[in-house]
Amino acid sequence: MDSRPIGVFDSGVGGLTVVQEIMNQLPNEEIVYFGDTARVPYGSKSKETVTKYSKQIIRFLLTKNIKAIVIACNTASSNSLEEVKRTFDIPIIGVVKPGAVMAYKTTKNNRIGIIGTEATIRSESYSKEIKKHNENIKTFSFACPLFVPLAEEGWTNNEISYLVSKKYLEQFTDKEIDTLVLGCTHYPLLKEVIQDVIGDNVKLINPALEAAKDLKELLTSINALRQNERVPKHSFYVSDNTTKFEQIAAIALKKSIPPVKIIDIEQF
């Protein structure tokens, strides 16, 4: 048993989709969340910059006496996971591997679509991970950079998000995919409009859910689950603009959250 909290971080509000799944899978656990709202988006930045940001955030989270870290950001998972695992002596998991595993298990016709930020798509992390399990699977990857600012703005299911989704997802029209990986944790916030545009015959894969399952397995294996001592208290930190974060968090988590605090992440 380990009553210490779990650290979760993302470039902004997208990681709240991972927080929601962790709350569902592990309702007794306490969470310390950091959203790097001052420096979002990560998807257009270099691998070196994303890794620098990830290390700063992990150093901050370690001051909160956490027992494990979930990188709730596909860009950081794709570009920085192995480096930060070598740097820090704490269990760290990302979202790419669990999402890729579920994708290859789900497809029936071995044709998988992947959408994500420019950096995630450029890394080919999902395609590489999927092909480790089945080299015969064909993957089709496209960057959808405008989905992140739409999610950050809270425009998750309106005419603008529909038109943007239609423009992006038409790239899959002739690809005959039966599975689509939402390769950015912001994207599940737009899953209704994405599903509407792509069609009900395509199964959406949410790596946030799969990462939460992996976290549960990890904590169980090292006997680090928190017991139901008291109602868990969660903490939320950002690098800028608490008001908008709190508004979107209420929608994403379907509940109010404690006051969000701003942290000068550059000092870490």
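That block above? That's the structure.
The structure presented is a predicted model; accordingly, all values stated were derived computationally and were not measured.

If you had to explain the packing of helix α2 (residues 47-62) against helix α3 (residues 74-87) to someone new, which residues and values would you point to?
Following both chains from N to C, one finds α2 and α3 inclined at 55°, their axes separated by 9 Å at the closest point. Looking at the two axes, α2 sits oblique to α3. You can see that α2 and α3 cross each other, and the crossing is right-handed. Where α2 approaches α3, its residues K47, V50, T51, S54, K55 and I58 are matched on the opposing element by T75, A76, N79, S80, E83, V84 and T87.

How would you explain α2 if you had to name every residue and give the values?
End to end, α2 covers 22 Å across 16 residues, agreeing with the expected 22 Å (1.5 Å per residue, within 8%). The secondary structure elements touched by the buried residues of α2 are β1 (6-10), β2 (31-35), β3 (68-71), α3, β4 (92-93) and β9 (235-238).

Explain the packing of aromatic side chains to me, and be specific about the residues and the numbers.
Two descriptors summarise a pair of aromatic rings, namely the distance from one centre to the other and the angle between the planes of the rings. Taken as a whole, this structure holds 10 aromatic pairs when the rule is applied. Summarising the aromatic geometry, the rings of F142 and F172 are spaced 5.0 Å apart at their centres and angled 80° between planes, so their arrangement reads as edge-to-face. Remark: F172 occurs in the loop between α8 (159-169) and β7 (179-183) and F142 occurs in strand β6 (residues 138-143); sequence separation between them is 30 residues. We note that F142, like F172, is buried. Among the aromatic side chains, those forming a connected cluster through ring pairs are F34, F60, Y237 and F268.

Any details on the sheet that holds β1? Residues and values, ideally.
Pairing between the strands of a sheet is mediated by backbone hydrogen bonds and can be parallel or antiparallel. Strand order in the open sheet made by the 6 strands is β4-β3-β1-β2-β9-β10, with parallel pairing throughout. Because the sheet does not close on itself, it has two edges, and the strands there are β4 and β10 (261-262). By the bridge criterion, 4 bridges tie β1 to β3 in an arrangement that is parallel. By the bridge assignment, V8 is partnered in β3 with V70. The strands touched by α2 within the sheet are β1, β2, β3, β4 and β9, with β1 carrying the most contacts at an inclination of about 150°.

Criteria and cut-off values
- Residues numbered from 1 in each chain as written.
- Predicted model: local features only at pLDDT ≥ 70, side-chain atom pairs only at ≥ 80, totals over all residues.
- Heavy atoms only, no water.
- Axes fitted to C-alpha atoms, helices over the stretch in contact; angles between N-to-C directions.
- Helix = DSSP H or I, 4+ residues; strand = E, 2+ residues; numbered from the N terminus.
- Parallel < 35°, antiparallel > 145°, perpendicular 65-115°, else oblique.
- Left-handed = near helix turned anticlockwise from the far one by under 90°.
- Contact = heavy atoms within 4.5 Å.
- Expected span 1.5 Å × (residues − 1).
- Phe/Tyr/Trp six-rings, centres within 6.5 Å; stacked < 30°, edge-to-face > 60°.
- Buried < 20%, exposed > 50% of the residue type's maximum accessible area, 1.4 Å probe, protein only.
- Pairing = 2+ DSSP bridges.

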